[in-house]
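Listed here are the chains, written in short residue letters.
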Number of protein chains: 4
Amino acid sequence: KDYQEPPAAPLFEVAELFCWSFYRAAIAEFIATFLFLYITLLTAIQVSNSPSKCSSVGALGISWAFGGMIFVLVYCTAGISGGHINPAVTFGLFVGRKLSLTRTLFYMVMQCLGAICGAIVVKGFEGNSVFELHSGGANVVSDGYTQLAGLGAEIIGTFLLVYTVFSATDAKFSACDSRVPILAPLPIGFAVFLVHLATIPITGTGINPARMDILGGTIGRGSVSGLLPPSCDKGISIQV
Amino acid sequence: KDYQEPPAAPLFEVAELFCWSFYRAAIAEFIATFLFLYITLLTAIQVSNSPSKCSSVGALGISWAFGGMIFVLVYCTAGISGGHINPAVTFGLFVGRKLSLTRTLFYMVMQCLGAICGAIVVKGFEGNSVFELHSGGANVVSDGYTQLAGLGAEIIGTFLLVYTVFSATDAKFSACDSRVPILAPLPIGFAVFLVHLATIPITGTGINPARMDILGGTIGRGSVSGLLPPSCDKGISIQV
Amino acid sequence: KDYQEPPAAPLFEVAELFCWSFYRAAIAEFIATFLFLYITLLTAIQVSNSPSKCSSVGALGISWAFGGMIFVLVYCTAGISGGHINPAVTFGLFVGRKLSLTRTLFYMVMQCLGAICGAIVVKGFEGNSVFELHSGGANVVSDGYTQLAGLGAEIIGTFLLVYTVFSATDAKFSACDSRVPILAPLPIGFAVFLVHLATIPITGTGINPARMDILGGTIGRGSVSGLLPPSCDKGISIQV
Amino acid sequence: KDYQEPPAAPLFEVAELFCWSFYRAAIAEFIATFLFLYITLLTAIQVSNSPSKCSSVGALGISWAFGGMIFVLVYCTAGISGGHINPAVTFGLFVGRKLSLTRTLFYMVMQCLGAICGAIVVKGFEGNSVFELHSGGANVVSDGYTQLAGLGAEIIGTFLLVYTVFSATDAKFSACDSRVPILAPLPIGFAVFLVHLATIPITGTGINPARMDILGGTIGRGSVSGLLPPSCDKGISIQV
């Protein structure tokens, strides 16, 4: 075949610390995660806060907000930072040796900072009382579902997302089928949209650990459902 | 013209049984059908189970779940297995001699296994009582419609889907119009979305036999509406 | 510049009557108009017939049905017949001398036949009583709007559609900007979606004369709003 | 690298005043802004005026109307005028020295004229009483939100839009990643859609000054939220 698997990224790469593009990429991750949290959290809280669901954008609107933001942000930042936005994706790519450890850690810190800023702005706009009333949009397992179902839903949802991301960016694909990289951000966005359509009623869908960790109270489950799946997924993706 | 119709696939091709890509393709079909059933069935049952339709994603959300999953999965697996997901599509391509019999049968078995696993997971998440209450999301002809209307709706719906698939992947098209293969997964996904928009109120839309057969009780109609149309469609597509 | 305006089509072209592609194109127009009417009319009547709007796909679902079908059908038939589907588009292209008179008339006849068949199938599925109750989905000017507002809304809506079609298929564009023809069916479908979003509450949106003429009772307005705008539009498009 | 930053546009360019393409571009901006105002305002007023939200297209439909129109119009006019439609975008590009002052002023005048015409047509269709009842669709800060929250929401919303526009059209991107310009109008349209999803409940979302200024009563805030952000955004975009 006529493609070349890129070499594994080194664990520590000192050179990149002196490169402006390294910091520009991290800033792009910060801005993207900030905008992602801002739009999605605002939409979700306003739907919860709406007296009649029919006059809000509803659960369908929330799903579009998540999926659409991922589409736009992956499109905008793919050429700068790779367009991760999600620490689970960053971690998955690190496990696959596509990123150095320094870059992985710096991205994750910036993503969490961006998410915190986004949540603070939404809290400022909505006021403390409304924000607390809806628990800051944090994910909880709904009544009628077991903790295991919540964990399972998060695992399968994250699997679908990471599976789509790997399919869309695989070097093998790009070589044999020029169609794939052109549309790439669109199916990634749709994957996020679809996971939310299906699992908002179960857990509120927390496939992005950046979103969960900073919103308090779900850190335990967040790290389980966010960090475990990418590694499982990796195994399966690589096998396939 | 400057295109070449690919030669008809042989009925039995022993060589492909010793090829890793054959098994990889079948695994991709399994994963894709599993994810398809999981997301769509979960969305459909949660809408049925929602006390007020306004707080769920509604019939529009169900249609998006079906169409969006087909878009994402065709995008992800087109380069690996051809992205059938649907036994009706596999069978239609077999009739058109694009697939060997061995591959056709292996795909169909994997698709049905994937669908069964997806349904089992959804049943596990929702609990037996909720799952049975909504008949496992199985398709029945609604009150006010005759069996003939149900069969007709399934036939025309499947025709629209197979017509779009053949238009999007025809070698003639690709040669004279480079635009077509780039967008291909998008109109295929939209075709599924639109069929569901129109026919959910009639039969619940069962254009995917993998979905129907395993959900019990509709196997008879499933085989009629699922296997008949592709062959009719084939006739019409070839004629056109 | 490095593009060539294609020469004006002759009024009568005897040669094309002996060419299989001429009849294939007309059959594609028939199938496309049939599928278009079938899906859109079925969706519209089922929404009208639904006791609670919230359990149907609603006005948003109707708009998606119209826009999505145009996207899929333009995609499927663009390489065969040019993907008109709409007599107003065929007439507009005839005025612009892109089609011969014979082809224009044959297309229009096939489009109207396809539309009639689609309406008959929907009538068969829904039963006479439901079909008549909703006037067969025919367009009427709603209460609270004048006839002039209805005509104006149809004219501006058709203008937006024809403007998008001309922008997407203009030879000048294709030469200087390779992006345009790749996405072309998508903005055309969106234009139809958007016109329906805005004008369903006014007239039900009848920018496709094939849909209106055969549904009875609105032929007069149909021909006014359907045939007048393309020629006005043409004037404006050419001027721009 | 193998791209060239285009040279800064001169402040005054007399030559372009004698060029037909200059006037064609301004006419395209007029038509685009007219169609944008017409479709979006009509959709918004009809949703407000609908007795039950469930029988209208709802807040989700309004968001689609704004985002979809931007997608279609950017697609149609990108090759003619650059597809600004929005004075904030025109002003932002002027600050970035991509446009001459004469072109900037002429565009803005034509955009405002187009917006006024669009609003007049909608007023004519809906009648004075309905139009006044809903304040002509003008943006006001909703109850429960401070003026500061309204201003902040407008600033972040405009930032997301301008950030996407700059990402999609940057010469650096186009050189290293051929994917970007092909999809460009789609993420721009989605950005507008997403901003409306999130901020319609706060201010009605007035990121387009052309829309606000002519609808009276909000000129003060309009100029603050419309003109300030692009310059801030510019700073940040350039820095990144």
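Up top is the structure these notes are about.
Definitions and cut-offs
Residues numbered from 1 in each chain as written. Chains lettered and ligands numbered in written order. Predicted model: local features only at pLDDT ≥ 70, side-chain atom pairs only at ≥ 80, totals over all residues. Heavy atoms only, no water. Least-squares fit on C-alpha atoms with pLDDT ≥ 70 in both. Contact = heavy atoms within 4.5 Å. Patch = residues over 30% accessible without salt bridge, like charges linked within 9 Å, V, L, I, M, F, W, Y side chains within 5 Å. Areas by Shrake-Rupley, 256 points an atom, 1.4 Å probe, with all protein chains shown as cover. Salt bridge = Lys/Arg side-chain N within 4 Å of Asp/Glu carboxyl O. Helix = DSSP H or I, 4+ residues; strand = E, 2+ residues; numbered from the N terminus. Phe/Tyr/Trp six-rings, centres within 6.5 Å; stacked < 30°, edge-to-face > 60°. Buried < 20%, exposed > 50% of the residue type's maximum accessible area, 1.4 Å probe, protein only. Core = buried A, V, L, I, M, F, W, Y, C linked by side-chain atoms within 4.5 Å. Buried area = accessible area lost by both parts, 1.4 Å probe. 1 Å grid on protein atoms, 1.4 Å probe; cavity = no way out; pocket = protein on both sides within 12 Å on 5 of 7 lines; lining within 4 Å. Points joined across faces, edges and corners; volume = space filled by probe spheres on them. Nonpolar A, V, L, I, M, F, W, Y, C, P; charged D, E, K, R; others polar. Axes fitted to C-alpha atoms, helices over the stretch in contact; angles between N-to-C directions. Left-handed = near helix turned anticlockwise from the far one by under 90°. Polar contact = N/O pair within 3.5 Å; in protein donor to acceptor, adjacent residues only side chain to side chain.

### A closer look at the relation of the copies chain B and chain C
Overlaying chain B on chain C yields an RMSD of 0.0 Å, the required transformation being a rotation through 90 degrees with an accompanying axial translation of 0.0 Å. Those values place the two copies in the arrangement expected of a four-fold rotation axis. Among all residues of chain B, the minimum C-alpha distance to the rotation axis is found for Cys54(B), at 4.1 Å. A share of only 18% of the interface residues of chain B reappears at the interface of chain C, consistent with the copies meeting through non-equivalent patches.

### A look at a nonpolar patch on the surface
The grouping of Val14(A), Leu17(A), Phe18(A), Trp20(A) and Tyr23(A) at the surface amounts to a nonpolar patch, some 550 Å² of accessible area in total. One can find Val14(A) in the segment before α1 (20–49).

### A short note on the relation of the copies chain A and chain B
The two copies are related by a screw motion: chain A maps onto chain B through a turn of 90 degrees and a shift of 0.0 Å along the axis, at an RMSD of 0.0 Å. Counting the interface residues of chain A, we find that no more than 18% of their copies in chain B are interface residues as well, pointing to two distinct contact surfaces.

### Concerning the packing of aromatic side chains
What the rule picks out here adds up to 60 aromatic pairs over all chains. Here Trp64(C) and Trp64(D) contribute two aromatic rings whose centre-to-centre distance is 5.0 Å and whose plane-to-plane angle is 90 degrees, an arrangement assigned as edge-to-face. Of the two residues, Trp64(C) is situated in helix α2 (residues 58–77) and Trp64(D) in helix α2 (residues 58–77); the pairing between them involves two chains. The residues Trp64(C) and Trp64(D) share a single accessibility class, namely buried.

### Considering the side chain of Gln46(C)
Within the element layout of this structure, Gln46(C) appears in helix α1 (residues 20–49). When sequence neighbours within four positions are dropped, the list of residues in contact with Gln46(C) reads Tyr145(B), Leu197(B), Ala198(B), Pro201(B), Ile202(B) and Glu126(C).

### Some details on the nonpolar core
Generally speaking, a soluble globular protein has its nonpolar side chains buried in company with each other. Trp64(A), Trp64(B), Trp64(C) and Trp64(D) are the most contacted members of the largest nonpolar core, which totals 237 residues. Not counting chain neighbours up to four residues away, the residues in contact with Trp64(A) comprise Met69(A), Phe190(A), Phe193(A), Trp64(B), Leu60(D), Trp64(D), Phe190(D), Phe193(D), Leu194(D) and Leu197(D).

### As for the interface of chain A and chain B
Each side of the interface is counted separately: chain A has 39 residues, and chain B has 38 residues. Interface area for chain A against chain B, summed over the two sides, is near 3,400 Å², with a carbon-plus-sulfur share of 77%. Seen at the junction of chain A and chain B, the total is 0 salt bridges. Where the side of chain A that touches chain B is concerned, the elements lending two or more residues are α2 (58–77), α6 (147–169), α7 (171–176), α8 (179–183), α9 (185–203) and α11 (219–239) of chain A. When residues in the side of chain A that touches chain B are grouped by element, the largest group, 12 residues, is from α9(A).

### Topic: empty space enclosed by the protein
Counted by the stated rule, this structure contains 10 cavities of 30 Å³ or more. There is about 130 Å³ of room inside the second largest cavity. Going through the elements one at a time, α9 of chain A, α9 (185–203) of chain B, α9 (185–203) of chain C together with α9 (185–203) of chain D are the ones with two or more residues in the lining of the second largest cavity. Its residues placed into classes, the lining of the second largest cavity shows 12 nonpolar, no polar and no charged.

### So, the packing of α1(A) against helix α4 (residues 101–126) of chain A
All names here are of chain A. At a minimum axis distance of 7 Å, the contact between α1 and α4 shows a crossing angle of 35 degrees. α4 is crossed by α1, and the crossing has right-handed handedness. Looking at the contact of α1 with α4, its residues break down into 22 nonpolar, 6 polar and 3 charged.

### Focus on the interface of chain B and chain C
Taken together, the contact between chain B and chain C spans 39 residues of the former and 38 residues of the latter. Buried surface at the junction of chain B and chain C, summed over both partners, amounts to about 3,400 Å²; 78% is from carbon and sulfur atoms. Across the contact surface, chain B and chain C share 0 salt bridges. The interface formed by chain B and chain C holds 1 residue pair in polar contact (both at pLDDT 80 or more) in total. For the side of chain B that touches chain C, the elements supplying multiple residues, two or more each, are α2 (58–77), α6 (147–169), α7 (171–176), α8 (179–183), α9 and α11 (219–239) of chain B. No other element matches α9(B), which puts 12 residues into the side of chain B that touches chain C. Here the residues of the side of chain B that touches chain C are counted per class, giving 31 nonpolar, 5 polar and 3 charged.

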